[in-house]
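Letter by letter, the chains look like this.
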Amino acid sequence: MIIYRAVQTALLAGFFLKSGECLASNGSTALIGDEDMQTPFPEWLKEFTNITQWPGLDPPYIPLDYIDLTKVPEFERYQSGRCPNISREQCSFDCYNCVDVDDVTSCFKLSQTFDDGPTPATETLLENLRHRTTFFVLGINTVSFPHIYESVVERGHLVGTHTWSHAFLPSLSNEEIVAQIEWSIWAMNATGKHFPKYFRPPYGAIDNRVRAIVKQFGLTVVLWDHDTFDWKLITNDKLRTEEQIFKDIETWKSQRKGLILEHDGARRTVDLAIKINKLVGNDQLTVAECIGDTDYIERYD
Ligand SMILES: [Zn+2]
């Protein structure tokens, strides 16, 4: 039996963002599992980092020779929910829905996507899906629930990164952003034997400073054009009902295209996802299929 405890973090701060996408039944999406159940910390990572175990919520910055922080533009850092006088060049998605030409925001077939796993709730979703889909995972959850992560991959789903511990990236230093990305990638290297190609920022919080760092990893930014706001079902303040969400799904179905943002971080949103899946049907694509690209930058055997 997997024993896990919720880590109380500032994730709830994302609940009130305009395009916020955060969630959790227990106030958190980052879960730390029983250490015995974790992905073993690999020897190559010990040698490279001089660290012997997976980090906590604030992973240490490890310099990488292919990341040049002198090439990252100097834009003002900002906190969750606080949008300062951001210039057009900063191109913040969470503040102004600004997207870069390289960002993936939609799909020519209406398709679901799932953030914040893997968690025990993910298994229920897997049992109910009859087509390939896309999961954006947290590194800390990946190493905590490696068997669930492996099950996602074995079933042919596409896995992208969603940072190490669901950080609000525009508030972090360049080094802290690198740490959030590199540790999430190492979690996926060690657990799934692949190097991810796609990245979705927690809370949709991304500007051109964050983009510049993410691109140096070779990652493609994936956002969305249809937000279910499924996490509002969990806050229990009646901000959103299933009926409202189903009404939106019908509208999106009539448009026949788009990327739907959902979450597999909690049972409540997974139960909803299964209902949405029945409405949308099985003719869906992964993000890679949406843009006709490969699933991963690299696979290791
Ligand atoms: Zn998220």
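Residues numbered from 1 in each chain as written. Predicted model: local features only at pLDDT ≥ 70, side-chain atom pairs only at ≥ 80, totals over all residues.

**So, the overall build of the chain**
Now for step 1: For the chain, the count of helices and strands is 11 helices and 11 strands.
Now for step 2: Across the 301 residues that make up the chain, the buried fraction comes to 46%.
Now for step 3: When contacts within the chain are restricted to residue pairs at least 6 apart in sequence, those whose partners lie at least 24 apart make up 77%. (Helix = DSSP H or I, 4+ residues; strand = E, 2+ residues; numbered from the N terminus. Buried ≥ 20, exposed ≤ 12 C-beta atoms within 10 Å, placed from the backbone. Contact = placed C-beta atoms within 7 Å.)

**Quick notes on unusual backbone geometry**
Now for step 1: The residue after glycine 117, namely proline 118, is reached through a cis peptide bond having omega -10°.
Now for step 2: Positioned with a positive phi, phenylalanine 229 is a non-glycine residue whose angle comes to about 50°.
Now for step 3: For phenylalanine 229, the position within the fold is in the loop between β9 (226-227) and α8 (232-235).
Now for step 4: A tally of 19 C-beta atoms within 10 Å means that phenylalanine 229 is categorised as partly exposed.

**Describing the environment of isoleucine 51**
Now for step 1: Looking at the element boundaries, isoleucine 51 is found in the loop between α1 (43-49) and α2 (93-96).
Now for step 2: C-beta crowding within 10 Å serves as the criterion here: with 14 such atoms nearby, isoleucine 51 is assigned to the partly exposed category.
Now for step 3: Sequence separation between isoleucine 51 and phenylalanine 41 is 10 residues, and the spatial gap between their C-alpha atoms is 9.2 Å.
Now for step 4: Not counting chain neighbours up to four residues away, the residues in contact with isoleucine 51 comprise Lys46 and Pro60.

**A look at the packing of helix α3 (residues 120-128) against helix α5 (residues 146-154)**
Now for step 1: The interhelical angle for the contact between α3 and α5, taken along N-to-C directions, is 20°, at an axis separation of 9 Å. With respect to each other, α3 and α5 are oriented roughly parallel. For α3 against α5, the interelement crossing comes out left-handed. On α5, the residues touching Thr122, Glu123 and Leu126 of α3 are Ile148, Ser151 and Val152.
Now for step 2: Looking at the contact of α3 with α5 residue by residue, the class counts come to three nonpolar, two polar and one charged. (Axes fitted to C-alpha atoms, helices over the stretch in contact; angles between N-to-C directions. Parallel < 35°, antiparallel > 145°, perpendicular 65-115°, else oblique. Left-handed = near helix turned anticlockwise from the far one by under 90°. Nonpolar A, V, L, I, M, F, W, Y, C, P; charged D, E, K, R; others polar.)

**Observations concerning the environment of isoleucine 148**
Now for step 1: Note on placement: isoleucine 148 falls in helix α5.
Now for step 2: Judged by the 23 C-beta atoms lying within 10 Å of it, isoleucine 148 is buried.

**Quick notes on α5**
Now for step 1: When α5 is considered as a whole, its buried residues turn out to be Pro146, Ile148, Tyr149 and Val152. The arc that holds every buried residue of α5, seen down its axis, measures 165°, which confines them to one face.
Now for step 2: For α5, the elements touching its buried residues are α3, β4 (134-137), α4 (139-144), β5 (158-161) and α6 (174-192).
Now for step 3: Looking one or two residues beyond α5, the residue adopting positive phi is glycine 156, at roughly 90°. (Arc of directions from axis to C-beta.)

**Remarks on the nonpolar core**
Now for step 1: Among the nonpolar cores identified, the biggest contains 67 residues, and Leu169, Ile177, Ile181, Val214, Val221, Val222 and Val287 are the most heavily contacted of them.
Now for step 2: Of all the elements, α6 adds the most residues to this core, at 10 residues.
Now for step 3: If we ignore the near neighbours within four places in the chain, the residues touching leucine 169 are Ile177, Gln180, Pro201, Ala205, Ile206 and Val210. (Core = buried A, V, L, I, M, F, W, Y, C linked by C-beta atoms within 7 Å.)

**Points about the confidence of the model for the chain**
Now for step 1: Mean pLDDT over the chain: 90, with 89% of residues reaching 70 or higher.
Now for step 2: Here residues 1-28 is modelled with pLDDT under 50, and outside its nearest four sequence neighbours on either side it reaches 78 contacts, counting other chains as well. (pLDDT = per-residue confidence, 0-100.)

**Considering the pairing of β4**
Now for step 1: Residue alternation in β4 divides its side chains into two sets, Thr134 and Phe136 and Phe135 and Val137, and both sets are buried.
Now for step 2: Examined bridge by bridge, strand β3 (residues 111-115) and β4 share three bridges and lie parallel to one another. The residue bridging aspartate 115 from the neighbouring strand is phenylalanine 136, located in β4.
Now for step 3: In terms of handedness, the path from β3 via α3 over to β4 forms a crossover that is right-handed.
Now for step 4: Where β4 meets β5, four bridges bridge the pair, whose relative direction is parallel. Paired with threonine 134 across the two strands is leucine 158, which belongs to β5. (Pairing = 2+ DSSP bridges. Right-handed = clockwise from strand over helix to strand, strands pointing away.)

**Quick notes on helix α7 (residues 208-216)**
Now for step 1: Among the residues of α7, those classed as buried are Arg209, Val210, Arg211, Ile213 and Val214.
Now for step 2: Buried residues belonging to α7 abut α6, β7 (198-199) and β8 (220-221).
Now for step 3: One or two residues past the end of α7 sits glycine 218, with phi positive at roughly 85°.

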